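# Coordinate inspection notes
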Amino acid sequence: MFNWDLPWYYKEIEKFVVEFGLNCVTPSVWKPRTIHRLIRSRDTTEPVSDLPPAPATRVWENVSSPSLTDRHKDIAWMAVKGGLPVRSFMHSRGLCPHRECPRGCPAEETIYHLFWACLFAQRLRGALKQEMEAHIPYPNITYQSVLYGLFPKTHSVEAIQGCWRILCCVKDILLYARTRLVTNGKVVSREACRRMVHNLLRDYTDKDNKEREKEEEL
Ligand SMILES: [Zn+2]
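Residues numbered from 1 in each chain as written. Predicted model: local features only at pLDDT ≥ 70, side-chain atom pairs only at ≥ 80, totals over all residues.

Identification of the chain as Reverse transcriptase zinc-binding domain-containing protein from Pleurodeles waltl is taken from an unreviewed UniProt entry.

This is the structure we're talking about:
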């Protein structure tokens, strides 16, 4: 075993070595890639509500997919963790006097309602049916697809990624529109939401093109 008896100014490194059990790693293999692999091999999958471990791993891969923007990763993560500031969440913490959907639906505003059951969400999805169908058949898009990026039946990685991106854009705009409504009383129309989703998708296409150009230059 390598002697990791380090001077005081390297104490933080020593803590890191002990915490991750890396004291058996000799300096000759002490390379970022090796260390990363060793640490990742000890990763455990955080459970996702009632999902078995295999789909749960898939969910966390989707949530942290490098094909998403940081904002969409954050929204997806908060949605899976149940931490979005919808009325149900805020009311249960004494931060909002109402629990109902701000659009007047006779239902509590939960994440499920905001992203799936609300008539507004259903209609926005309907308005983007063609865009989603370019990747995954519309009947295969379920609440688990919206929340987790899981789709019934088998689809290619590209199809899942394409549809998951659209659903992440839809979640972003639904969240934006409900926040405008709740905080300023401003109604963002379904058509305006559809256009905003299209703008976000265009940003993704631009990002892809730039990355492709950069790869070609190399
Ligand atoms: Zn509603």
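Still to come is the rest of the account.
### Let's talk about the overall build of the chain
Helix and strand counts for the chain stand at eleven helices and zero strands. Across the chain, helices and strands are ordered from the amino to the carboxyl terminus as α-α-α-α-α-α-α-α-α-α-α. On the principal axes, the C-alpha backbone points of the chain span a range of 65 × 50 × 35 Å. Put simply, the chain has 218 residues, and 23% of those count as buried. Of the contacts formed within the chain by residues at least 6 apart in sequence, a portion of 48% connects residues at least 24 apart. (Helix = DSSP H or I, 4+ residues; strand = E, 2+ residues; numbered from the N terminus. Buried ≥ 20, exposed ≤ 12 C-beta atoms within 10 Å, placed from the backbone. Contact = placed C-beta atoms within 7 Å.)

### As for helix α1 (residues 11-19)
Counted residue by residue, α1 has zero buried out of nine residues, so it is predominantly exposed. Trailing α1 by a residue or two, Gly-21 shows a phi angle of about 60 degrees, which is positive.

### Quick look at the environment of Arg-178
Turning to its location among the elements, Arg-178 is positioned in helix α10 (residues 157-184). Using a count of 23 C-beta atoms within 10 Å as the deciding quantity, one classes Arg-178 as buried. Remark: the alpha-carbon pair of Arg-178 and Val-86, spanning 92 residues in sequence, is separated by 8.9 Å. Non-local contacts of Arg-178, meaning those with residues more than four positions away in its chain, are made with Pro-102 and Leu-114.

### Topic: the environment of Val-86
Within the element layout of this structure, Val-86 appears in the loop between α4 (70-81) and α5 (87-92). When the 26 C-beta atoms within 10 Å are taken as the criterion, Val-86 is described as buried. Between the alpha carbons of Val-86 and Thr-179 there is a distance of 8.9 Å; along the sequence they are 93 residues apart. With sequence-adjacent residues up to four places away left out, Val-86 is seen in contact with Glu-109, Thr-110, Ile-111 and Leu-114.

### Details of the UniProt feature "domain: Reverse transcriptase zinc-binding" (unreviewed entry) in the chain
Per the UniProt entry, the sites bearing "domain: Reverse transcriptase zinc-binding" (unreviewed entry) are residues 59-123 in this numbering. Secondary structure across residues 59-123 comprises 54% helix and 0% strand; the distance between its end C-alpha atoms is 25 Å. (UniProt positions renumbered as here; feature names shortened; annotations may be inferred.)

### Quick word on the packing of α10 against helix α11 (residues 190-217)
Geometrically, a packed helix pair is captured by the angle between its two axes and the distance between the axes. At a closest axis distance of 9 Å, the pairing of α10 and α11 adopts a crossing angle of 135 degrees. By the criterion of interaxial angle, the relationship of α10 to α11 is oblique. In terms of crossing hand, the pair formed by α10 and α11 is right-handed. From α10, Arg-165, Ile-166, Cys-169, Val-170, Asp-172, Ile-173 and Ala-177 reach across to α11, where they touch Cys-193, Met-196, Val-197, Leu-200, Leu-201 and Tyr-204. In terms of residue class, the contact of α10 with α11 is built from eleven nonpolar, no polar and two charged. (Axes fitted to C-alpha atoms, helices over the stretch in contact; angles between N-to-C directions. Parallel < 35°, antiparallel > 145°, perpendicular 65-115°, else oblique. Left-handed = near helix turned anticlockwise from the far one by under 90°. Nonpolar A, V, L, I, M, F, W, Y, C, P; charged D, E, K, R; others polar.)

### Focus on the nonpolar core
In terms of nonpolar packing, the biggest core is built from 38 residues, with Ala-79, Val-80, Phe-115 and Val-170 touching the most fellow members. Secondary structure elements with two or more residues in this core: α3 (53-63), α4, α6 (111-117), α7 (119-127), α9 (143-148), α10 and α11. In terms of residues, this core owes the most to one element, α10, which gives eleven residues. With near-sequence residues (within four places) excluded, Val-170 lies in contact with Leu-124, Arg-125, Leu-128 and Val-197. (Core = buried A, V, L, I, M, F, W, Y, C linked by C-beta atoms within 7 Å.)

### Quick look at unusual backbone geometry
Positioned with a positive phi, Lys-153 is a non-glycine residue whose angle comes to about 70 degrees. Checked against the element boundaries, Lys-153 lands in the loop between α9 and α10.

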